[in-house]
Amino acid sequence: MKDTARRMASRLARSPRLQAVPGGLLALHTLNGASATPFRLRKQDKVYGKIGNLEVKLTRRWRDIKLAQRLRYSVFYEEMSAIPTKRAEMTRRDQDPYDAVCDHLLVVDGNLPIANEAWGSVRRQKVVGTYRVLRQEVAERTLGFYTQSEYDIAPLIAARPHHRFMELGRSCVLEPYRNKRTVELLWHGLWTYVREHKVDVMIGCASLPGTDPDQHAMALSFLHQNALAPAEWRCAAHPHLHVPMNRLPADQIDAKAALKALPPLVKGYLRLGAFVGDGAVVDRQFGTTDVLIILPVEKIDPRYFEHFGAPTEVKSRVSVDA
């Protein structure tokens, strides 16, 4: 037995691949060199700002991404009417392959009781808000944009080769925290990220609850008649998914009632200067009626720069060292 072990060790020692491997972390990187996902050193979280006990940060930690997935499950599947897969139901997390390639913005509440663990006291953080963001250069070398599955955004992107696009998705806030402070902090983080990466256009799907477009006839018609993207920015839902939005004539639309019927996130996009695409899409798995949001940075109402910072600024207005 010992002789056999010595012969195996001798053969391994003479292996050209192992002889070329340096020690420590570089060794692991070299051994993983042929794999699809090479080893990377973990990066630290980037804190973009704080308001009171709430903090907005960009996370690179898988444990925090899982907390965001649990928040998404709680909002989309337990509070709303999304239909979970077996895996989601077992893990109580909303997850898909895009989580591995996207960046994740989190709002966390750090003002929680200190937990006494066996190894000492630990201050817990609770994820109360999240945004998932995907930059164009990352999308092009990985999975593409998620939005392309519902809307034909490829011609718009191809027509603007000098613009940097970024996709927004999976936005949600825990119910007790759905107030101005939390949403504002999330936007401070998002806007800082946009300026940091010199993003020119934000795109993504925003959702109205329910899968019956007729229940949203007023809101959808208002969006089509007042916020439809001009021709040079317009994208349409794929023909097999396209649901007409212009469901009521203009004289039957009460603008005040239509705005009240829109989700706060959609109203926030409109206030900033966003357009909507041509056609809605019914997402039966998530139990929603989706509309495409197109928000060119150049179209953002300048009055918001006074509060969130100008496009040329780098730091968040609520950063700890601002």
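Predicted model only: the values in this text are computed from it and were never measured.

Chemist: Got a minute to help me understand the overall build of the protein in this structure?
Modeler: On a plain count of helices and strands, the protein comes out with twelve helices and eleven strands. A buried classification covers 45% of the 322 residues belonging to the protein. A separation threshold of at least 6 residues defines the contact pool for the protein, and within that pool the share at least 24 residues apart is 73%. As displayed, the protein has an accessible area near 17,600 Å², and 55% of this comes from carbon and sulfur atoms.

Chemist: I tried to follow the environment of T142 on my own but got confused; where do I start?
Modeler: Summarising the element assignment, T142 is placed in the loop between α6 (136-141) and α7 (154-159). Placed 41 residues apart in sequence, T142 and V101 show a C-alpha to C-alpha distance of 7.3 Å.

Chemist: Before we go on, may I ask you to explain helix α4 (residues 62-79) in this structure?
Modeler: Think of an α-helix as turning once every 3.6 residues; residues three or four places apart then point the same way. With 18 residues, α4 should cover 26 Å at 1.5 Å per step; its first-to-last C-alpha distance of 24 Å lies within 8% of that length. Taken together, the buried positions of α4 are D64, I65, A68, Q69, L71, R72, Y73, V75, F76 and Y77. On its buried face, α4 sits against β2 (54-59), α5 (86-91), β3 (103-109), β6 (126-135) and β7 (165-173).

Chemist: What should I look at first to understand the side chain of H104 in this one?
Modeler: Position of H104 among the secondary structure elements: in strand β3. Those residues within four positions of H104 in sequence are excluded, and the remaining contacts are K57, L58, T59, I65, R72, D99, Y131 and R132.

Chemist: Looking at this model, I keep getting lost on empty space enclosed by the protein. Mind explaining?
Modeler: Gaps left between atoms are located by rolling a probe of water-molecule size over the structure's atoms. Summed over all chains, the structure comprises one cavity of 30 Å³ or more. Volume-wise, the largest cavity comes out at about 70 Å³. Forming the walls of the largest cavity are W187, W191, L272, I300, Y304, F305 and F308. A class-by-class count of the residues in the lining of the largest cavity yields seven nonpolar, no polar and no charged.

Chemist: In this structure, what is going on with the pairing of strand β11 (residues 288-296)? I would like to understand it.
Modeler: Two faces, one strand: in a regular strand the side chains alternate between the faces of the sheet. The buried fraction of β11 amounts to nine of the nine residues, a majority that puts the element mostly inside the structure. Alternating residues of β11 divide into T288, D290, L292, I294 and P296 and T289, V291, I293 and L295, and every residue in both groups is buried. As judged from the nine bridges shared by strand β8 (residues 201-209) and β11, these two strands associate in the antiparallel manner. The partner of P209 across the bridge, within β11, is T288. As defined by bridge partners, strand β9 (residues 275-276) adjoins β11 across two bridges and the pair is classed as antiparallel. Paired with V276 across the two strands is I293, which belongs to β11. Of the pairings in the sheet, the one linking strand β10 (residues 281-283) to β11 comprises three bridges and is antiparallel in character. For V281, the partnering residue across the bridge sits in β11 and is D290. Counting the residues between successive antiparallel strands, the hairpin from β10 to β11 contains four residues, one of them, G287, with a positive phi of roughly 70 degrees.

What counts, and where the lines are drawn
- Residues numbered from 1 in each chain as written.
- Predicted model: local features only at pLDDT ≥ 70, side-chain atom pairs only at ≥ 80, totals over all residues.
- Heavy atoms only, no water.
- Helix = DSSP H or I, 4+ residues; strand = E, 2+ residues; numbered from the N terminus.
- Buried < 20%, exposed > 50% of the residue type's maximum accessible area, 1.4 Å probe, protein only.
- Contact = heavy atoms within 4.5 Å.
- Areas by Shrake-Rupley, 256 points an atom, 1.4 Å probe, with all protein chains shown as cover.
- Expected span 1.5 Å × (residues − 1).
- 1 Å grid on protein atoms, 1.4 Å probe; cavity = no way out; pocket = protein on both sides within 12 Å on 5 of 7 lines; lining within 4 Å.
- Points joined across faces, edges and corners; volume = space filled by probe spheres on them.
- Nonpolar A, V, L, I, M, F, W, Y, C, P; charged D, E, K, R; others polar.
- Pairing = 2+ DSSP bridges.

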